[in-house]
Amino acid sequence: MRKHISSPLECGDGAWVPLAKASANEVVVLGAAKNFQTARSPKDLINYGHTGEKHYGFDSFEGLPEGGPNDASWKKGQLAVPLEVARKNLSEFAELCVLIAGWIPDTFTAVSDKRFRLVHVDVDLEVPTRQSLEYFYPRATDGALFIIDDYGFHSCPGARQATQEFLAGRPETLIELTTGQAVFYKRGSACS
Ligand SMILES: C[S@@+](CC[C@H](N)C(=O)[O-])C[C@H]1O[C@@H](n2cnc3c(N)ncnc32)[C@H](O)[C@@H]1O
C-alpha cells in the first residue's frame, strides 16, 4: 500500500512542516451532500493509499438553512440531497465514510475527540462557514489542509467574508485557486 504523498509546506520563514505528519488523522467535509464530489473522494483515498482514517461528512441533508445578508443568492432548502441518496452513492466506501446528518454546528459534538488533517468547507453560506472554521481549526493537526470550496464564487460572498474575518490576525496565508476554491495550511508549531 502506498503512503500519502508527503508534500512539504512552507511556513513563510523558511521552516518546513511535512504534511505527512498529519496523515494518520481524519478527514472532514462540511457540506457533504451527494457524494463528497468536491472533496478528495473516497475512491482517490483507496487508489492513492489509505492510512485507516475516516471521512466524516456533515450535512443537514435538508439543504441550506436561512442565509444572512451576505448570502442573497441562496434560499432556504436549496441544494437538498436526501441522506439515503448520499448513503447509496457512498455505499462502496461505507466503512470509510461516516455521514452525520443534522445542522451545523450542533452535530460537531460527534467528532469532538478527533483530530483532522484535511478540512473541506463547502457550505456556501457565511455563518456555517465561520462555525466550521472555528470548530475545526483547533482540532486540525499542524500542517492540516483547509479547503474553502466557495471562496471565489460570486454567489458566495458570505463564505468569503467569514474566511477573511477568521484568518485576520492568524498566521496562515490563504492561497486562491483558479477553480474558485481557496486553501490554507494550518501553520505548525515548528513555524512559530
Ligand atoms: C454545495 S453543497 C455541498 C456539495 C458537496 N460537497 C458534494 O460534493 O456533493 C452545500 C451543502 O451545505 C449544506 N449546509 C449548508 N449549511 C448547513 C448547515 N448549517 N448545517 C448542515 N448543512 C449545511 C447544504 O445542505 C448543502 O448540501
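Residues numbered from 1 in each chain as written. Predicted model: local features only at pLDDT ≥ 70, side-chain atom pairs only at ≥ 80, totals over all residues.

Caption draft 1: Structural context of the overall build of the protein chain. If you tally the helices and strands in the protein chain, you get four helices and nine strands. With 192 residues in all, the protein chain has 39% of them scored as buried. Considering only residue pairs separated by 6 or more positions, the protein chain has 73% of its internal contacts joining residues 24 or more positions apart. (Helix = DSSP H or I, 4+ residues; strand = E, 2+ residues; numbered from the N terminus. Buried ≥ 20, exposed ≤ 12 C-beta atoms within 10 Å, placed from the backbone. Contact = placed C-beta atoms within 7 Å.)

Caption draft 2: Looking closely at the sheet that holds strand β9 (residues 182-185). Read across the open sheet, the seven strands follow the order β5-β4-β3-β6-β7-β9-β8; overall the sheet is mixed. With one partner strand each, in any of the chains shown, β5 (97-101) and β8 (175-176) form the two edges of the open sheet. Both strand β7 (residues 140-148) and β9 contribute to a ladder of four bridges, which runs antiparallel. When the sheet's bridge partners are listed, Leu 145 is paired in β9 with Tyr 185. The strands that helix α3 (residues 126-136) touches are β3 (26-30), β6 (116-121) and β7; relative to β6, the one it contacts most, it runs at about 175°. (Pairing = 2+ DSSP bridges. Axes fitted to C-alpha atoms, helices over the stretch in contact; angles between N-to-C directions.)

Caption draft 3: Here's a closer look at the environment of Ala 162. If you trace the backbone, Ala 162 turns up in helix α4 (residues 157-167). Ala 162 sits in the buried class, given 28 other C-beta atoms within 10 Å. Considering only alpha carbons, one finds Ala 162 and Leu 133, 29 residues apart in sequence, at a separation of 8.7 Å. With residues up to four places along the chain from it excluded, the contact list for Ala 162 reads Glu 126, Thr 129, Arg 130 and Leu 133.

Caption draft 4: Spotlight on the nonpolar core. In this structure, Val 28, Leu 30, Phe 116, Val 119, Val 121, Ala 144 and Phe 146 are the most contacted members of the largest nonpolar core, which totals 35 residues. Within the residue set of this core, elements represented by two or more residues are β3, β4 (55-59), β6, α3, β7, α4 and β9. For this core, the leading source of residues is β7, giving five residues. In contact with Val 28, not counting residues within four places along its chain, are Tyr 56, Val 111, Phe 116, Val 119 and Phe 136. (Core = buried A, V, L, I, M, F, W, Y, C linked by C-beta atoms within 7 Å.)

Caption draft 5: Region of the structure containing the pairing of β6. Of all six residues that make up β6, six are buried, and the element is covered over most of its length. Two strands pair when backbone bridges link them, and β3 and β6 are joined in this way by five bridges, in the parallel orientation. Bridge pairing in β6 links Val 28 to Val 119. With respect to chirality, the unit in which β6 leads through α3 into the neighbouring parallel β7 is right-handed. (Right-handed = clockwise from strand over helix to strand, strands pointing away.)

Caption draft 6: A look at the packing of α3 against α4. Interhelical geometry of α3 versus α4 gives an angle of 30° and a closest axis separation of 7 Å. For the element pair α3 and α4, the recorded crossing hand is right-handed. Where α3 approaches α4, its residues Glu 126, Thr 129, Arg 130 and Leu 133 are matched on the opposing element by Gly 158, Ala 159, Gln 161, Ala 162, Thr 163 and Phe 166. Across the contact of α3 with α4, the residue classes break down as four nonpolar, four polar and two charged. (Left-handed = near helix turned anticlockwise from the far one by under 90°. Nonpolar A, V, L, I, M, F, W, Y, C, P; charged D, E, K, R; others polar.)

Caption draft 7: Seen up close, unusual backbone geometry. A cis geometry characterises the amide bond from Ile 104 onward to Pro 105, with omega recorded as 10°. Of note, Pro 105 is situated in the loop between β5 and β6. A positive phi angle is found at Phe 61, which is not glycine, with a value near 60°. If you trace the backbone, Phe 61 turns up in the loop between β4 and α2 (83-89).

Caption draft 8: Geometry of α4. Within α4 the residues assigned to the buried category are Gly 158, Ala 159, Arg 160, Ala 162, Thr 163 and Phe 166. Tucked inside the fold, the buried residues of α4 contact α3, β7 and β9. Taken from the residues just after α4, Gly 169 is the one with a positive phi, measuring 85°.

Caption draft 9: Inspection of the environment of Thr 107 at higher detail. Mapped onto the secondary structure, Thr 107 falls in the loop between β5 and β6. Separated by 48 residues in the primary sequence, Thr 107 and Asp 59 have C-alpha atoms spaced 9.0 Å apart. The residues contacting Thr 107, other than those within four sequence positions of it, are Phe 58, Ile 100 and Gly 102.

Function cannot be read off these values alone, since they describe shape.
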